Amino acid sequence: MSIRTLKVGMLGCGNVGSGVAQLLSEHADDLAARVGARLELAAVGVRDLARARAHVDPAILTDDLESLVNREDLDLIIEVMGGVEPARSLLLAAMANGKSVVTANKTLLAEDGIALYDAAEKFGVDLYYEASVAGAIPLLRPVRESMAGDQIERILGIVNGTTNYILTRMDEAGTSFADALKEATDLGYAEADPTADIEGFDAAAKAAILAGLAFHSRVTALDVYREGISHITADDVASAKAMDHVVKLLAIAELTADDRVSVRVHPALLPRNHPLAAVREAYNAVFVEARAAGELMFYGRGAGGIPTASAVLGDLVAVARHRVFGGLGSRESDYAARQIATIGEATTRYHIRLDVADLPGVLAAVAQAFAHNGVSIQTVRQEGHGNEAELVVVTHSAIESALAATVSQLRSMDIVRNVASVIRVEGGNR
Ligand code: HSE
């Protein structure tokens with residue numbers, strides 16, 4: 001029996017695009033059996049026609065991306081080119097032309113997902129984007145579909161492989177940040193300009209997408225408090241180690257007590273026995289806490305051409321099946337319309353390293369600064385260095401604004417030579 005063919009157009013053909021082309025050709029028969037139609041890669045839009053593309057017939061390459069998304073014969077569009085424009089205009093045009101789309105574009109979804117969701121709704125097409133967060137790990141569909149009957153309360157994740165590799169090397173080999181970044185670059189994890197990874201922009205885009213889905217509200221990258229790891233030193237990592245913790249760059253999205261959304265990306269100390277502490281090198285993992293399900297963890301490769309292509313193909317099969325059998329996948333919903341809480345309202349624990357004069361009354365004065373701002377101290381560790389000492393203070397849970405006031409008071413005190421670092425602590429008793 002002959003089955004129909006669905007024609008696929010792809011925008012972009014870098015690492016992920018080549019992986020998609022490879023899997024589409026290697027598994028063509030299996031995919032046809034699973035979809036109920038053959039999937040034919042019929043057009044690939046690229047900026048530079050001269051560059052050779054593995055697994056792609058040069059005859060289907062084009063640099064006319066606008067014409068590609070307007071082609072009547074294409075049924076489905078994959079977008080793996082990245083960036084906000086022209087990806088946004090091209091996807092909007094594709095959807096207006098009745099094509100379902102699969103995208104891996106976290107930057108676009110985090111900046112202007114609303115425009116895409118609205119277009120999918122208006123034109124009655126699918127918009128799938130599993131590969132945009134945590135690469136190969138099935139995460140968005142579980143959150144959007146499998147957990148649609150539950151109440152998600154918190155998401156805590158490692159969603160950037162480059163920074164996790166750097167922090168792993170700093171923890172395991174005592175490497176400096178600069179040397180670990182160089183290793184990550186040499187291994188091809190970090191880009192030539194690593195800013196998006198090391199300053200947390202990549203993780204913040206992913207946090208926005210996750211928070212919007214989990215809390216049924218509109219969340220953009222601008223709503224995410226963001227701090228990267230470029231200021232984390234070997235001393236910070238050693239200090240974490242001394243209390244049996246590791247430093248990780250975490251993406252956190254949670255509901256506040258008054259039902260608003262707190263969403264942030266920053267380095268944090270995690271107890272070494274926390275499941276996320278065991279996530280090494282460039283792997284990603286996301287911990288989801290829901291009222292009925294309890295704690296769930298998703299783990300795997302968050303980057304790389306072939307692993308990420310697996311997520312793109314999974315989406316492609318889903319949207320292609322809808323073309324064959326009818327219907328559409330589940331939608332995003334923003335019915336809850338929750339407000340976003342500011343970082344000043346976030347509540348967490350803190351690890352603070354201070355260089356102080358080693359004199360009578362110094363510890364009492366430092367403790368007084370915390371007490372004055374309503375921040376309760378959990379532990380204090382001191383190491384003397386002649387007339388100077390390093391104090392490491394770990395607090396109980398406190399509101400961010402109170403901690404900021406404490407730090408500012410500490411900085412104004414003569415006996416405090418330097419506030420060497422302030423890092424949040426997550427994952428333990430609050
Ligand atoms: N640059 C990202 C990372 C992969 O290092 O995890 C793509 O999101």
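Keep in mind it's a predicted model, so treat the numbers as computed, not measured.

This next bit is on the sheet that holds strand β1 (residues 5–11). Strand order in the open sheet formed by six strands is β3-β2-β1-β4-β5-β6, with parallel pairing between adjacent strands. The open sheet has two edge strands with one neighbour each: β3 (61–62) and β6 (127–128). Of the pairings in the sheet, the one linking β1 to strand β2 (residues 38–45) comprises seven bridges and is parallel in character. Its bridge partner being in β2, Lys7 is matched across the sheet by Glu40.

With six of its eight residues buried, β2 lies for the most part within the structure. The pairing of β2 with β3 spans two bridges and is classified as parallel. Residue Val44 lies in a different strand from β3, and its bridge partner there is Leu61.

The residue Ser239 is located in helix α11 (residues 234–242) in this model. Excluding its chain neighbours within four sequence positions, the residues that come into contact with Ser239 are His351, Arg353, Arg381 and Val392.

Now for the nonpolar core. Grouped together as the largest cluster of nonpolar side chains are 79 residues, with contacts concentrated most on Leu139, Ile152 and Ile166. When residues in this core are grouped by element, the largest group, eleven residues, is from helix α10 (residues 201–215). Once you skip the residues sitting within four places of it in the chain, Leu139 turns out to touch Glu130, Val133, Ala134, Leu210, Val286 and Phe298. Listed in part, the 35 residues of the second largest apolar core include Ala21, Leu23, Ala37 and Leu76.

This part is about the layout of surface pockets. The computed volume of the largest pocket comes to approximately 1400 Å³. Lining the largest pocket are 48 residues, with Lys106, Glu191, Asp197, Asp202 and Lys206 sitting closest to its centre. In terms of residue class, the lining of the largest pocket is made up of 20 nonpolar, 18 polar and ten charged. Split by domain, the lining of the largest pocket shows at least three residues from each of two domains, domain 1 (5–136 + 306–325) and domain 2 (147–301).

By the definition in use, this model includes three aromatic pairs. Here the aromatic rings of Tyr283 and Tyr299 are separated by 5.2 Å at their centres, their planes lie at 0°, and the arrangement is stacked. Highlighted residues: Tyr283 in strand β11 (residues 283–290) and Tyr299 in strand β12 (residues 294–301), separated in sequence by 16 residues. We classify Tyr283 as partly exposed; its relative accessible area is 25%. Between Arg144 and the ring centre of Tyr128, over which it is positioned, the NZ or CZ distance is 4.9 Å. The ring centre of Phe201 lies 3.8 Å from the NZ or CZ of Arg226, which sits over that ring.

Taken together, the neighbourhood of the ligand is formed by Lys106, Asn160, Gly161, Thr162, Asp197, Asp202, Lys206 and Ala303. At 2.9 Å, a side-chain N or O of Lys106 approaches an oxygen atom of the ligand. Between Gly161 and the ligand, the recorded distance is 2.6 Å, taken from a backbone N or O atom to an oxygen atom. The protein chains hide 80% of the 260 Å² of surface that the ligand would expose on its own. Put simply, the ligand lies in the largest pocket.

In most cases, non-glycine residues show a negative phi, while peptide bonds are predominantly trans. Here the amide bond leading from Glu85 into Pro86 is cis, since omega sits at 5°, within 30 degrees of zero. Within the fold, Pro86 resides in the loop between β4 (76–79) and α4 (87–96). Backbone geometry places Asp259, a non-glycine residue, at a positive phi of 65°. Relative to the helices and strands, Asp259 is located in the loop between β9 (245–255) and β10 (261–271). With relative accessibility at 38%, the residue Asp259 sits in the partly exposed group.

A separate point is the side chain of Asp75. By secondary structure assignment, the location of Asp75 is in the loop between α3 (65–70) and β4. Within the buried core, Asp75 has no salt-bridge partner, and the shortest N-O distance to an opposite charge, that of Arg4, equals 4.8 Å. At 2.7 Å, the side chain of Asp75 forms a polar contact with the backbone nitrogen of Lys7. Those residues within four positions of Asp75 in sequence are excluded, and the remaining contacts are Thr5, Leu6, Lys7, Lys99, Ser100 and Arg323.

This part takes up the domain arrangement of the chain. Here the chain is partitioned into domain 1 (5–136 + 306–325), domain 2 (147–301) and domain 3 (344–425). Between the C-alpha centres of domain 2 and domain 3 there is a distance of 25 Å. Listed per partner, the contact involves 17 residues of domain 2 and twelve residues of domain 3. Interface of domain 2 and domain 3: buried area, both sides summed, is about 1200 Å²; carbon and sulfur atoms make up 51% of it. Taken together, the links from domain 2 to domain 3 amount to three salt bridges. Of the charged contacts, one joins Asp236 and Arg353 as a salt bridge, the two residues approaching to 2.9 Å between their closest N and O atoms. Where domain 2 touches domain 3, the interface holds seven residue pairs in polar contact (both at pLDDT 80 or more). Counting residues per element, the side of domain 2 that touches domain 3 draws most heavily on β10, at six residues. Its residues assigned to classes, the side of domain 2 that touches domain 3 comprises seven nonpolar, five polar and five charged.

Turning to the environment of Ala134, a few remarks are in order. Turning to its location among the elements, Ala134 is positioned in the loop between β6 and α6 (140–146). Here the alpha-carbon distance between Ala134 and Glu289, two residues 155 residues apart in the chain, equals 17 Å. In this structure, Ala134 is in contact with Leu139, Lys206, Asn284, Arg301 and Gly302, ignoring residues within four places of it in sequence.

Definitions and cut-offs
- Residues numbered from 1 in each chain as written.
- Predicted model: local features only at pLDDT ≥ 70, side-chain atom pairs only at ≥ 80, totals over all residues.
- Heavy atoms only, no water.
- Pairing = 2+ DSSP bridges.
- Helix = DSSP H or I, 4+ residues; strand = E, 2+ residues; numbered from the N terminus.
- Buried < 20%, exposed > 50% of the residue type's maximum accessible area, 1.4 Å probe, protein only.
- Contact = heavy atoms within 4.5 Å.
- Core = buried A, V, L, I, M, F, W, Y, C linked by side-chain atoms within 4.5 Å.
- 1 Å grid on protein atoms, 1.4 Å probe; cavity = no way out; pocket = protein on both sides within 12 Å on 5 of 7 lines; lining within 4 Å.
- Points joined across faces, edges and corners; volume = space filled by probe spheres on them.
- Nonpolar A, V, L, I, M, F, W, Y, C, P; charged D, E, K, R; others polar.
- Domains from an automatic or database assignment.
- Phe/Tyr/Trp six-rings, centres within 6.5 Å; stacked < 30°, edge-to-face > 60°.
- Lys NZ or Arg CZ within 6 Å of the ring centre and 35° of its normal.
- Near = heavy atom within 4 Å.
- Polar contact = N/O pair within 3.5 Å; in protein donor to acceptor, adjacent residues only side chain to side chain.
- Areas by Shrake-Rupley, 256 points an atom, 1.4 Å probe, with all protein chains shown as cover.
- Sits in = over half its atoms within 2 Å of the grid points.
- Lys, Arg positive; Asp, Glu negative; His and termini not counted.
- Salt bridge = Lys/Arg side-chain N within 4 Å of Asp/Glu carboxyl O.
- Buried area = accessible area lost by both parts, 1.4 Å probe.

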